Amino acid sequence: MAYDEELAERIRELIAPGPELTERKMFGGLAFLIGGNMAVAASGQGGLLVRVDPDEGERLLGAAVQPMVMGGREMVGWLRVTDVDDDAVLREWVERGLAYARTLPPKKT
């Protein structure tokens, strides 16, 4: 399944362009990276992938928020958000992912 291009465009509209921001196709989706660290992605499996502080991940789980699973393994610090139709909800999750990615050291290119 290809990623949701409309969702990717909505994410772009929320993220201010800057030299530290890049987009990259990854894992069947479109990832948005800050300093080389993935912050959020329009998932190829639907919904939004969000990078969060691993210590907060469980607290954020809910009906529309589940742990990200890749290759049968739960990815700590990553969440899949399936209900992002509301712009305010999408903004909240995108901002959360961007804020956490900005705390990480930039990756060397």
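Relevant structure appears above.
Residues numbered from 1 in each chain as written. Predicted model: local features only at pLDDT ≥ 70, side-chain atom pairs only at ≥ 80, totals over all residues. Heavy atoms only, no water.

Enquirer: What should I look at first to understand the pattern of salt bridges in this one?
Expert: Oppositely charged side chains are able to pair whenever their charged atoms sit close together. What the rule picks out here adds up to eight salt bridges. Between Asp87 and Arg10 there is a salt bridge whose closest N-O contact spans 2.9 Å. With Asp87 in helix H2 (residues 87-102) and Arg10 in helix H1 (residues 5-14), the pair connects residues that are 77 residues apart, well separated along the chain. The class for Arg10 is buried, based on a relative accessible area of 16%. (Salt bridge = Lys/Arg side-chain N within 4 Å of Asp/Glu carboxyl O. Helix = DSSP H or I, 4+ residues; strand = E, 2+ residues; numbered from the N terminus. Buried < 20%, exposed > 50% of the residue type's maximum accessible area, 1.4 Å probe, protein only.)

Enquirer: I'm lost on the pairing of strand S4 (residues 48-51) in this one. Help?
Expert: Each regular strand displays side chains that alternate between the two surfaces of the sheet. Two strands pair when backbone bridges link them, and strand S3 (residues 37-42) and S4 are joined in this way by three bridges, in the antiparallel orientation. Bridge pairing links Ala41 to Leu49 in S4. The turn linking S3 back onto S4 is made up of five residues, and Gly46 within it adopts a positive phi angle of 95°. Relative to strand S6 (residues 73-81), S4 is paired through four bridges, and the arrangement is antiparallel. For Leu49, the partnering residue across the bridge sits in S6 and is Arg80. (Pairing = 2+ DSSP bridges.)

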